Amino acid sequence: MCRTSPDSQRLDWRTVLTALSIALITAALSNSAQALPEDREQPIRITADHALRDEKQGYTEYTGNVRLDQGSLRIEADKITVHHVTEEADRIVAVGKPAHMQQIPEVNKAMMHARANTIEYFKTEERVHLSDNAQVEQDGSIVTGDTIDYYIAEQLVRADSNVNQTDSRVEVVIPAQVVNDQEDTSGPAESE
């Protein structure tokens, strides 16, 4: 999905963001959220102050005010590094204070926003890892933690806090409207 040139590496950011939005925010609301279909068909544009591709070491590094756009997907970071053992991206790392990611997960859904000082996508593991100041928000629902992992194939989410810090906790905020809407769709309550 991420192309620095027509014959270079691909980065499937649509999968990454779809996974984050499904797992972290909309899991309670929808079982089949998808990124906008047209996002994957859009060209990827990366702008940065500097770019360096090292074929021997197997990476391309974009630094300074980096912005990646593809359809509704946007990633902004101080640095994005694309690691590639083959032509396709194997691991993508976005670093910032914090790095930001946003995408509209599906038609008629609100924008999903994610942030963390480090956002990593591991292609072979099908895993997205947000670390250090991690947060995902959509429609007023917010998940925060020291780290947030999403295992794409299993649709498994894990948010963790730093157990060595007493003030570090995982926090999930679900707006009352979401809870009320779920109760309304589950049918009428039984009365005794």
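Quick summary incoming for the structure in this document. (Residues numbered from 1 in each chain as written. Predicted model: local features only at pLDDT ≥ 70, side-chain atom pairs only at ≥ 80, totals over all residues. Heavy atoms only, no water.)

Quick look at the overall build of the chain now. What the chain contains, in helices and strands, is two helices and 10 strands. Shown N-terminal to C-terminal, the secondary structure of the chain runs as helices and strands in the order α-β-β-β-β-β-β-β-β-β-β-α. The buried share of the chain, reckoned over its 192 residues, is 41%. Of the contacts formed within the chain by residues at least 6 apart in sequence, a portion of 46% connects residues at least 24 apart. When the accessible surface of the chain is totalled, it reaches about 10700 Å², and 45% of it is carbon and sulfur. (Helix = DSSP H or I, 4+ residues; strand = E, 2+ residues; numbered from the N terminus. Buried < 20%, exposed > 50% of the residue type's maximum accessible area, 1.4 Å probe, protein only. Contact = heavy atoms within 4.5 Å. Areas by Shrake-Rupley, 256 points an atom, 1.4 Å probe, with all protein chains shown as cover.)

Okay, the side chain of His84 next. Structurally, His84 is set in the loop between strand 4 (73-83) and strand 5 (91-103). Judged by relative accessible area, which is 5%, His84 ranks as buried. Within polar-contact distance, the side chain of His84 engages the backbone nitrogen of Tyr59 at 3.4 Å. A distance of 3.4 Å separates the side chain of His84 from the side chain of Thr60, its partner in a polar contact. (Polar contact = N/O pair within 3.5 Å; in protein donor to acceptor, adjacent residues only side chain to side chain.)

Examined against the element boundaries, Thr60 turns out to sit in strand 3 (residues 59-70). Taking the relative accessible area as the measure of exposure, Thr60 reaches 3% and is therefore buried.

With that settled, the discussion passes to the pattern of salt bridges. Applying the stated criterion to the full structure yields eight salt bridges. Across the pair Lys79 and Glu61 runs a salt bridge whose closest N-O atoms are separated by 3.8 Å. Taken together, the residues Lys79 in strand 4 and Glu61 in strand 3 connect sequence positions 18 residues apart. According to the relative accessible area criterion, Lys79 is partly exposed, its value standing at 31%. Asp160 serves as the salt-bridge partner of Arg158, at 2.9 Å between the closest nitrogen and oxygen. The partly exposed category is assigned to Arg158, whose relative accessible area is 48%. (Salt bridge = Lys/Arg side-chain N within 4 Å of Asp/Glu carboxyl O.)

Counting residues in each nonpolar core, the largest one holds 25 residues, and the members touching the most others are Ile75, Ile80, Ala94, Met101, Ile119 and Leu130. The set of elements that each furnish at least two residues to this core consists of strand 3, strand 4, strand 5, strand 6 (112-122), strand 7 (127-138) and strand 8 (141-151). Leaving out residues up to four positions away in the same chain, Ile119 has contacts with Ile92, Val93, Ala94, Ala99, Met101, His129 and Leu130. (Core = buried A, V, L, I, M, F, W, Y, C linked by side-chain atoms within 4.5 Å.)

Here we come to the environment of Asp146. In this fold, Asp146 is placed in strand 8. For Asp146, a relative accessible area of 25% corresponds to the partly exposed category. Measuring from C-alpha to C-alpha, the distance between Asp146 and Asn133 comes to 5.5 Å, with 13 residues separating the pair along the chain. Not counting residues up to four positions away in its chain, the partners in contact with Asp146 are Leu130, Ser131, Asp132, Asn133, Ala134, Asp160, Ser161, Asn162 and Ser168.

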